Amino acid sequence: MMKYFLYIFLLLMLFSCKKETREINVDDNPFSQSKTKNQIHYASGFELKQHKGYKRLIVNSPYPDAIKPIHYILLEDKNILAYTDFLEVKIINIPIKNIVVTSTTHIPMLELLSEENALVGFPNTKYISSPKTRQRINNKKVQELGKEQNINTELLLDLKPDLVVGFSLNSNNKMFSNIEKSGIPVLLNGDWLEKTPLGRAEWIKLFGALFNKDKL
């Protein structure tokens, strides 16, 4: 009888330990995989998942015929870095305060989020027709940076933007690589590769995530 009760006691202790470990992993681990459903519904070129203290952005189509996606961590709470190392990802601190974009399709998204004042540089500003941003260009609040595929990196470095949002035709883009080596993060936007209008429009959620305006 004593052996029987001892056996039951050990089973209860073992069950209790396993339950406690499971609760710690879910509640205390800042990198818990709970509540990380993709927030994108129409676009196929990227995924966006909300975690505690950061967002995981996966750009599936950074350029035509891309084989591998590019993974970004949009880091809001820098203390998270003390818990883990993000391997094979690019880290962007958010919310960003100023930005350089390289396509006229990015301008309306900034304006719809009321973040047009965050734009500090653009290549070929003559192609921008939006009245709001056109006024900022005329007031010399937006720096002319040259051509899309040949940005004046010296002027760009002087601006010290928090982020450059670009687009690329292939995986070998030396210009963006040089910008990243200087310490300025680059995010490749593939909205132009989407096959539907809704898919293209949903890329505004990427900009919303950068400025912490996800709900808007």
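Everything below is about the structure printed above this text.
The model shown is predicted, which means the values in this text are computed figures rather than measured ones.

K.L.:
Got a minute to help me understand the side chain of T133 in this structure?
P.N.:
Locating T133 in the fold gives a position in helix α3 (residues 131-138). If near-sequence neighbours (up to four positions away) are discounted, T133 is found in contact with I107, E111, E116, L119 and I128.

K.L.:
Looking at this model, I keep getting lost on α3. Mind explaining?
P.N.:
An α-helical turn contains 3.6 residues, so any two residues separated by three or four positions project in the same direction. Those residues of α3 that sit buried are T133, R136 and I137. Within α3, the buried residues cover an arc of 105° as seen down the axis, which keeps them to one side. Buried residues belonging to α3 abut α2 (106-112) and β6 (119-122). One or two steps after α3, the chain reaches K140, where phi turns positive at roughly 60°.

K.L.:
Is there a simple way to think about the side chain of S130 in this case?
P.N.:
Relative to the assigned elements, S130 resides in the loop between β6 and α3. The residues touching S130, leaving out its near neighbours within four places in the chain, are I107 and E111.

K.L.:
Would you explain the pattern of salt bridges in this entry?
P.N.:
Where charged atoms from two side chains of opposite charge come close, those side chains can pair. Under the defined criterion, the tally for this structure stands at 4 salt bridges. A salt bridge links K205 to E202, with the nearest nitrogen and oxygen atoms 2.9 Å apart. The partly exposed category is assigned to K205, whose relative accessible area is 31%.

K.L.:
Would you explain helix α5 (residues 174-181) in this entry?
P.N.:
Listed as buried for α5 are M175, F176 and I179. What you see down the axis of α5 is that its buried residues fit within an arc of 95°, all on one side. Turned more than 90 degrees away from the buried face of α5 sit K174 and K181, all of them exposed. Residues of α5 that are buried make contact with β9 (150-151), α4 (153-159), β10 (163-166) and β11 (186-188). At the N-terminal end of α5, a side-chain oxygen is found 3.3 Å from the backbone nitrogen of M175, two or three residues along, and the residue is N173. Following α5 by one or two positions, G183 adopts a phi angle in the positive range, close to 100°.

K.L.:
What is the right way to read the nonpolar core from this model?
P.N.:
Inside soluble globular proteins, nonpolar side chains tend to come together where they are buried. If you look at the biggest cluster of nonpolar residues, it comprises 46 residues, and the most contacted ones within it are I99, F207 and L210. The element best represented in this core is helix α7 (residues 204-210), accounting for 4 residues. If near-sequence neighbours (up to four positions away) are discounted, I99 is found in contact with L110, A118, L119, V120, G121, P161, L163, V165, F207 and F211. In this structure, I73, L75, I80 and F86 belong to the second largest nonpolar core, which totals 5 residues.

The rules we used
- Residues numbered from 1 in each chain as written.
- Predicted model: local features only at pLDDT ≥ 70, side-chain atom pairs only at ≥ 80, totals over all residues.
- Heavy atoms only, no water.
- Helix = DSSP H or I, 4+ residues; strand = E, 2+ residues; numbered from the N terminus.
- Contact = heavy atoms within 4.5 Å.
- Buried < 20%, exposed > 50% of the residue type's maximum accessible area, 1.4 Å probe, protein only.
- Arc of directions from axis to C-beta.
- Salt bridge = Lys/Arg side-chain N within 4 Å of Asp/Glu carboxyl O.
- Polar contact = N/O pair within 3.5 Å; in protein donor to acceptor, adjacent residues only side chain to side chain.
- Core = buried A, V, L, I, M, F, W, Y, C linked by side-chain atoms within 4.5 Å.

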